[in-house]
Amino acid sequence: MKNIGFLLSIWMLFVVSLTGCGKEQKAARDLAVIPRPVKMESPGGTFQLNKETRIVLREDEEERKGVANYLSQLLSSATGYSFEVSVQDYAEENTICLELDPAITGASGCYSLIVSDSGITISAPGVTGLFYGVQTLRQLLPPEIESDVLFPDMDWTVPTVEIFDEPAFLYRGLHLDVSRHFFPVSFIKKYIDLLALHKMNVFHWHLTDDQGWRLEIKKYPKLQEIAGQREETLVGHGLEEPFIYDGEPYDGYYTQEEVKEVVKYAEERFVTVIPEIEMPGHAQAALAAYPHLGCTGGPYRTATRWGVFPEVFCSGKEETFQFLEDVLLEVMELFPSEYIHIGGDECPKTRWEECELCQTRIADENLKNEQELQSYFVHRIEAFLNRHGRNIIGWDEIMEGGLASGATVMSWQGEKGGIQAAKMGHNVIMTPVSHLYFDYYQTDPEGEPLAIGHFLPLEKVYSYHPVPDTLTTEEAKFIVGAQGNLWSEYIKTPEHAEYMAFPRVVALAEIVWTPLENKNYKDFLQRLDVHKRRLDVLGVNYFKD
Ligand code: TNX
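In this numbering scheme, every chain counts its residues from 1 along its sequence in written order. Totals for whole chains, interfaces and linings use all residues, but because this is a predicted model, local features are given only for residues with pLDDT of at least 70 and pairs of side-chain atoms are given and counted only at 80 or more. The side-chain numbers reported here are obtained from all heavy atoms of the structure, hydrogens and water having been left aside.

### A short note on the nonpolar core
Think of a nonpolar core as a cluster: buried Ala, Val, Leu, Ile, Met, Phe, Trp, Tyr and Cys residues, connected wherever their side-chain atoms sit within 4.5 Å. Three labels apply to residues, based on accessible area from a 1.4 Å probe with only protein chains included: buried if under 20% of the type maximum, exposed if over 50%, partly exposed otherwise in between. With 131 residues, the main nonpolar core has I188, F203, W205, L223, Y254 and F313 as its most contacted residues. Here a residue-residue contact requires only that any non-hydrogen atoms of the pair lie within 4.5 Å. The contacts of F203, once residues within four sequence positions are left out, are L174, L176, I188, Y191, I192, L195, V271, T272, V273 and I274. By size, the runner-up hydrophobic cluster in this structure holds 37 residues, among which are I55, L57, I122 and A196.

So, in structure tokens, the structure goes:
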């Protein structure tokens, strides 16, 4: 008897803690928005989606209709409801209304989201804000909403909330290296979808490098035939000698049609695609195809291992600039982005030192040395792009020998380059190896797939703030944002890319969106727990600790 009483009380304790815990968990689930909004209040209560719920626009306008249709599609599969989009200028219950409202003010992308028990209103001064409001609404729904399979018995409730939200930074980027390993268009689209879910707005597409040129250029077909291929690939780590190769030819490139499709896909998700064409270094694949563009004339081969190689574009030859300008003309046709990334990193000067034409250029242009020759190169390309209404971004080495006047600096070797550039009045994107290199190990390497090295756990990513304390308020304005980089030397498949990127990208999203004073790692981890279920439904192979 005594025993039964004891067992009963244990059982009661269990039930009470379960229901209590259930409630808490539900509350946490209900408001697990990442990145955390600037202001969010939840008075209690819910709005229930049902088969009659409609999406309403105040006016018939293309871009807004695009967002409304996107929302409709997002909600339809799992619920099985049709979420018809209609245009009407009066308020009605059981609608999700998307409306432009110039009275809402804030940084580009700001929005307000109000969920009452009778309906939902997303308002914003611009259509980008409406799109971000949709992303928040999506995260207020159960993770199953992401499914493309029907969940017939699900309770599709949204907690009542009042949200005002705006991004802390203008530039919220994620990079992908498709040269070292190639990723199919289907994955690029998934990557862009994941950017959008996290209110990130730039996809930096690293399209060319020593180990492969991945973009179709009509005028130079050998870029596909030769530069797009390599004979084999290094097995194991790049610092381990002797080098062992797999003996298997490797190739891959995007056609211009595919690129257009990606750019359009990204545009519909308010993501700008910034292409990177590497110069003057990391150019060995291009030289394999067009050897006359190197100082020695070759022969060259597309690199088969990782590292920094001496074979770079010759700065003395006019043909080099002709080639790059032709390439960039086609690039500009494909990518409407204001910015074109021209690389500029890790360019050894050994060939230039020995090259008669490069030395003649140094003399003719009154340059002091090869550093200034690099600067000449970058200035010249910048001037060309400027004439076509574009601006350049370059890795921090573009500061060597004098920074081109309108260049934006991507500070990767730490924050030093970025700090210096901001002090000179240049826009800066922070992407330091210390905090934002997602090709680094995120836990003890033991048992992990091979990575380049180092150690960058989630908490360290989350702790990053893109504005260094050493800058004055005026200088700090030049820090336009931050970006995570995913270099693919050791990443061969989409699944592995997801594994390295997530959940670190989720932390990055909060770094660049949420005001510093609202950041809290413990709170982030609680929301991340729920968010991971969303990533599960989306089929994201994130790292699990
Ligand atoms: C440095 S970051 C590089 C890349 C490598 C990366 C590996 C930068 C501008 N250059 O070429 O892939 O390190 O982490």
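Further notes follow.
### Some words on the packing of helix α8 (residues 318–334) against helix α11 (residues 370–387)
One way to put it is that α8 packs onto α11 with a least axis distance of 11 Å and a crossing angle of 40°. With respect to each other, α8 and α11 are oriented oblique. Seen along the crossing, α8 lies across α11 with a hand that is right-handed. When α8 is examined against α11, the residues E318, T320, F321, L324, E325, L328, L329 and M332 are found in contact with a partner set consisting of Y376, F377, R380, I381, F384 and L385. The axes are straight lines fitted to the C-alpha atoms, using for helices just the contacting stretch, and the angles between their N-to-C directions are given from 0 to 180°. Only DSSP runs of H or I reaching four residues or more are called helices, and only runs of E reaching two or more are called strands; each is numbered from the N terminus. Small angles under 35 degrees read as roughly parallel and large ones over 145 as roughly antiparallel, with 65 to 115 read as roughly perpendicular and the rest as oblique. Each crossing gets its handedness from the near helix: less than a right angle anticlockwise from the far helix is left-handed, clockwise is right-handed.

### Examining the domain arrangement of the protein chain
All domain edges in this entry derive from an automatic or database-based domain assignment. According to the domain assignment, the protein chain contains domain 1 (30–165) and domain 2 (175–537). Using only C-alpha atoms to locate each centre, domain 1 and domain 2 end up separated by 35 Å. Counting residues at the interface gives 29 residues for domain 1 and 25 residues for domain 2. Regarding the contact of domain 1 and domain 2, the summed buried area is about 2300 Å², with carbon and sulfur atoms giving 63% of it. The term salt bridge refers to a side-chain nitrogen of Lys or Arg lying within 4 Å of a carboxyl oxygen of Asp or Glu. Our count for the domain 1 to domain 2 interface comes out at 2 salt bridges. One salt bridge connects D523 with R36, and the closest N-O pair in it is separated by 3.0 Å. Polar contacts here mean pairs of N or O atoms no more than 3.5 Å apart (in protein, one a potential hydrogen donor and the other a potential acceptor; neighbouring residues in sequence count only if both atoms are side-chain atoms). For the interface between domain 1 and domain 2, the tally reads 12 residue pairs in polar contact (both at pLDDT 80 or more). Elements supplying a minimum of two residues to the side of domain 1 that touches domain 2: α2 (62–79) and α3 (127–140). Once two parts are joined, some of their accessible surface, as seen by a 1.4 Å probe, is lost; buried area is that loss totalled over both.

### Comments concerning the sheet that holds strand β21 (residues 408–411)
Only when DSSP finds a minimum of two bridges between them are two strands counted as paired. Taken together, the 8 strands give a closed barrel; going around it, the order is β10-β11-β18-β19-β20-β21-β22-β23, and neighbouring strands pair in parallel fashion. Strand after strand, the sheet turns through a mean of 30° between neighbouring axes, direction not considered. Sheet analysis places strand β22 (residues 428–430) next to strand β23 (residues 479–484), joined by 3 bridges and oriented parallel. Within the sheet, the bridge partner assigned to I429 lies in β23 and is G481. The sheet contacts of helix α12 (residues 416–423) involve β21, β22 and β23, and relative to β22 the element is tilted by about 160°.

### What to know about the site of the ligand
Definition of nearness: a residue and a molecule or strand are near each other if at least one heavy atom of the residue lies within 4 Å of the molecule or strand. Taken together, the residues surrounding the ligand are R180, H282, D345, E346, W395, W412, Y437, D439, I452, W487 and E489. Measuring from a nitrogen atom of the ligand, one finds a side-chain N or O atom of D345 at 2.9 Å. With respect to the ligand, the side chain of D439 contributes an N or O atom lying 2.7 Å from an oxygen atom. Burial of the ligand by the protein chains amounts to 93% of its free accessible area of 360 Å². Classification convention: Asp, Glu, Lys, Arg as charged; Ala, Val, Leu, Ile, Met, Phe, Trp, Tyr, Cys, Pro as nonpolar; all other residues, Gly among them, as polar. When its residues are assigned to classes, the shell around the ligand shows 5 nonpolar, 1 polar and 5 charged. Every accessible area reported is derived by Shrake-Rupley at a probe size of 1.4 Å, with residue values counting cover from the shown protein chains alone.

### Some thoughts on α12
Of all the residues in α12, the buried ones are G417, G418, I419, A421 and A422. Along its buried surface, α12 packs onto β21, β22, α15 (473–476) and β23.

### Concerning unusual backbone geometry
The phi torsion of most residues other than glycine is negative, and most of the peptide bonds are trans. Residue E241 is joined to P242 through a cis peptide bond whose omega torsion reads 0°. Residue placement: P242 occurs in the loop between β15 (234–235) and β16 (244–245). With an omega dihedral of -15°, the bond running from M279 to P280 counts as a cis peptide bond. Relative to the elements of secondary structure, P280 occurs in the loop between β18 (272–279) and α7 (284–289). Positive phi is not limited to glycine here, since N94 has a value of about 55°. Looking at the element boundaries, N94 is found in the loop between β4 (85–87) and β5 (95–100). Even without a glycine there, the phi angle at K199 is positive, about 60°.

### With respect to the sheet that holds strand β6 (residues 111–115)
Across a sheet, strands are paired by hydrogen bonds formed along the backbone, either parallel or antiparallel in direction. Taken in spatial order, the 7 strands of this open sheet run β1-β9-β6-β7-β5-β3-β4, and their pairing is mixed. One side of each edge strand has no neighbouring strand; the edge strands of this open sheet are β1 (39–41) and β4. Adjacent strand axes in the sheet meet at a mean angle of 15°, parallel and antiparallel pairs treated alike. Of the pairings in the sheet, the one linking β6 to strand β7 (residues 120–124) comprises 4 bridges and is antiparallel in character.

### Observations concerning the packing of aromatic side chains
Between 30 and 60 degrees the pair is tilted, below 30 it is stacked and above 60 it is edge-to-face, where a pair is any two Phe, Tyr or Trp rings, Trp via its six-membered ring, whose centres lie within 6.5 Å. Applying the stated criterion across every chain, the model contains 27 aromatic pairs. Joined through ring pairs, the aromatic side chains of F182, F183, F187, Y191, F203, W205, Y254 and F335 make up one cluster. A ring has a charge above it when a Lys NZ or an Arg CZ is no more than 6 Å from the ring centre and no more than 35 degrees off the ring normal. Over the ring of Y265 we find R269, and its NZ or CZ is 3.6 Å from the ring centre. The lysine or arginine in question, R380, covers the ring of F321, its NZ or CZ lying 4.0 Å from the ring centre.

### A closer look at α8
Residue pairs spaced three or four apart in an α-helix point in one direction, given the helix's 3.6 residues per turn. The first and last C-alpha atoms of α8 sit 25 Å apart over 17 residues, in line with the 24 Å expected at 1.5 Å per residue. α8 sits mainly inside the fold: 12 of its 17 residues count as buried. The set of residues buried in α8 consists of T320, F321, F323, L324, E325, D326, V327, L328, E330, V331, M332 and L334. Take the number of residues in a helix, subtract one, and multiply by 1.5 Å to get its expected span.

### Points about the pattern of salt bridges
Within this structure, the stated rule accounts for 31 salt bridges. A salt bridge links K65 to D60, with the nearest nitrogen and oxygen atoms 2.8 Å apart. Put simply, E261 and K189 hold a salt bridge, and the shortest N to O gap is 2.7 Å. Placement of E261 in helix α6 (residues 256–267) and of K189 in helix α4 (residues 185–197) is noted, with a sequence separation of 72 residues between them.

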